[in-house]
Amino acid sequence: MGERVPQHVQNLVIRDYCERNGLHFLLSAAEYAMQNSDLILEQIMCELKDIDGIVAYSLFQLPEDSVKRNNIYNQFIAMRKKIYFAVEGLSAGTKQECERIEILWRVRKTLPDCIKSCL
Amino acid sequence: MYFTEDENNLTKEYLHQGYVVRPAADLDALEWLQSKFIDLIGETLDVELNGTPKDILNHIHEKVPVSELNEFRLKIIRGFNSIEGVREKYFQIARPYLETLVSNELAMQLRINLSIQFPSDESSLLPVHADTWSGDSPFEVVVWLPLVDCYSTKAMYILPPQKSAELSQGFIERAGTSSEELYQSMKNDIQWLEVKYGEVIVFDQALPHGNRVNDESETRWSMNCRFKGVFTPYGDKKIGEFFEPITLRAASKTGMAYKHPITS
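The rules we used
- Residues numbered from 1 in each chain as written.
- Chains lettered and ligands numbered in written order.
- Predicted model: local features only at pLDDT ≥ 70, side-chain atom pairs only at ≥ 80, totals over all residues.
- Helix = DSSP H or I, 4+ residues; strand = E, 2+ residues; numbered from the N terminus.
- Rg over C-alpha atoms; globule rule 2.2 N^0.38 Å.
- Buried ≥ 20, exposed ≤ 12 C-beta atoms within 10 Å, placed from the backbone.
- Contact = placed C-beta atoms within 7 Å.
- Pairing = 2+ DSSP bridges.
- Nonpolar A, V, L, I, M, F, W, Y, C, P; charged D, E, K, R; others polar.
- Core = buried A, V, L, I, M, F, W, Y, C linked by C-beta atoms within 7 Å.
- Axes fitted to C-alpha atoms, helices over the stretch in contact; angles between N-to-C directions.
- pLDDT = per-residue confidence, 0-100.
- Parallel < 35°, antiparallel > 145°, perpendicular 65-115°, else oblique.

**Let's talk about the overall build of chain B**
Okay, step 1: Looking only at helices and strands, chain B features nine helices and ten strands.
Okay, step 2: Computed over the C-alpha atoms, the radius of gyration of chain B is 20 Å, within 12% of the 18 Å expected from 2.2 N^0.38 for a compact globule of 264 residues.
Okay, step 3: Counting only C-alpha atoms, chain B reaches 70 × 50 × 40 Å along its principal axes.
Okay, step 4: Burial status across chain B gives 34% buried among its 264 residues.
Okay, step 5: Counted over contacts in chain B with a minimum sequence separation of 6, partners at least 24 positions apart contribute 86%.

**A look at the sheet that holds strand E8 (residues 209-210) of chain B**
All names here are of chain B.
Okay, step 1: Taken in spatial order, the three strands make up an open sheet running E6-E5-E8, and their pairing is antiparallel. Taken across any chain shown, the strands that pair with only one partner, and hence form the sheet edges, are strand E6 (191-192) and E8.
Okay, step 2: In this structure, strand E5 (residues 157-158) lies alongside E8, joined through two bridges in antiparallel fashion. Across the sheet, residue Tyr 157 finds its bridge partner in E8, namely Gly 210.

**Details of the interface of chain B and chain A**
Okay, step 1: Taken together, the contact pairs 15 residues of chain B with 17 residues of chain A.
Okay, step 2: Secondary structure elements with two or more residues in the side of chain B that touches chain A: strand E10 (243-245) and helix H9 (250-257) of chain B.
Okay, step 3: For the side of chain B that touches chain A, the per-class residue count stands at ten nonpolar, three polar and two charged.

**A word on the nonpolar core**
Okay, step 1: Val 143 and Val 202 of chain B are the most contacted members of the largest nonpolar core, which has 76 residues in total.
Okay, step 2: Excluding its chain neighbours within four sequence positions, the residues that come into contact with Val 143 of chain B are Ala 94, Val 200, Val 202, Asn 224, Cys 225 and Phe 227 of chain B.

**Quick look at the sheet that holds strand E1 (residues 53-56) of chain A**
Residue and element names in this part refer to chain A.
Okay, step 1: One open sheet holds the three strands; their spatial order is E1-E2-E3, and the pairing between them is mixed. The open sheet has two free edges, formed respectively by E1 and strand E3 (90-92), since each of these has just one partner strand. Between one strand and the next, the sheet's axes are offset by a mean angle of 15°, whatever the strand orientation.
Okay, step 2: Looking at chain direction, strand E2 (residues 82-85) and E3 are connected through three bridges and run antiparallel.

**Looking at the confidence of the model for chain B**
Okay, step 1: With 100% of its residues at a pLDDT of 70 or more, chain B shows a mean pLDDT of 94.
Okay, step 2: For this predicted complex, the interface score ipTM comes out at 0.73, alongside a pTM of 0.89.

**Topic: the environment of Thr 247 of chain B**
Okay, step 1: Inspection of the secondary structure puts Thr 247 of chain B in the loop between E10 and H9.
Okay, step 2: Taking the C-alpha atoms as reference points, Thr 247 of chain B and Ala 107 of chain B, separated by 140 residues in sequence, lie 7.4 Å from one another.

**As for the pairing of strand E4 (residues 141-146) of chain B**
The two faces of a sheet get side chains in turn, since along a regular strand they alternate between them.
All names here are of chain B.
Okay, step 1: Where burial is concerned, most of E4 is hidden: six out of the six residues are buried.
Okay, step 2: Pairing analysis gives four bridges linking E4 to strand E7 (residues 199-204), with the strands arranged antiparallel. Following the sheet pairing, Val 143 is matched in E7 by Val 202.
Okay, step 3: Inspection of the sheet shows E4 paired to strand E9 (residues 220-229) by six bridges, in the antiparallel sense. Counted as the bridge partner of Val 142 is Arg 226 from E9.

**Let's talk about the packing of helix H1 (residues 5-17) of chain B against helix H5 (residues 86-101) of chain B**
Residue and element names in this part refer to chain B.
Okay, step 1: Put simply, H1 and H5 touch, their axes get as near as 10 Å, and they point 75° apart. Considering the angle they form, H1 stands roughly perpendicular to H5. Touching Glu 7, Leu 10, Thr 11 and Tyr 14 of H1 are Tyr 97, Thr 100 and Leu 101, all from H5.
Okay, step 2: The residue inventory of the contact of H1 with H5, partitioned by class, reads four nonpolar, two polar and one charged.

Okay, structure coming up:
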């Protein structure tokens, strides 16, 4: 969503999240910087069967395309795995949890069309 | 505006004072929240607690040393926020006031804050500030919920809108070199918000507010949580990482999902 936090800071946040939530951190993966790239995410999705889940820095790192996002939600639900979002402290592995994440996405995408603050 | 008389009165009062104090709209929810705190205190201290909830909360400083207060507070607040349904209960306590003053499509803070202020404790002070001064959206309000009766220095204070506007005009001269100097320049104009258990405050976090050393003989327990309209501007506290929609309406859901028919 057009925001960038340095990778080492993202890693710190993810490691801290894993520690506080009793998740075993295996290794980190960084997405390609090209706009709308989700190649690395797709690669990890191929390996999902071998791990318990994914911890992303933010839920807004999911693909901007709603069809692609839905595909990802569906894979997590079908495989009974979980995706965690460290900054937001949220996670999704069920239909209900995925809908919660999707609502946040849709509001975020709608906000540029809403009133703006003059501050 | 097409408001009822009650809504008009609430609106006028909020705009004039910068806050409103009202009865908790859901007393069962309030008692449920208070009982959860009592359970958590018992578990954290690993002791049998005797007395009414109010007595236990008001005199907790007799059981926890100041040096252990922060760790105690963290355990309680983590435990509290992990209880299923806590945020919904909190919302119900202020719901009609929020729907009148803010919106019926609300975003709520993801984690509720807790303040425990022991008598004479100088380590838990909140210097005078407006949340907007550190990047909050001026479209946010705070729902401040006491778990015990709060009065005099056991309460919080706020600078009313008129005086706040005057402060903004002469801020550089009045702020001096510290937040304490700023407080001293406004202390004759502030208002202490007396509020009893069973009542709730909704206040404008863009107005200067804070607390002082609690000179009363009882501990203050209060919670606070921010709310705003889902589609109003966000400041540093963003959707997802801080706020989450809690009363999104059907037309907004369909509107956000709408796509024109594909014609090419």
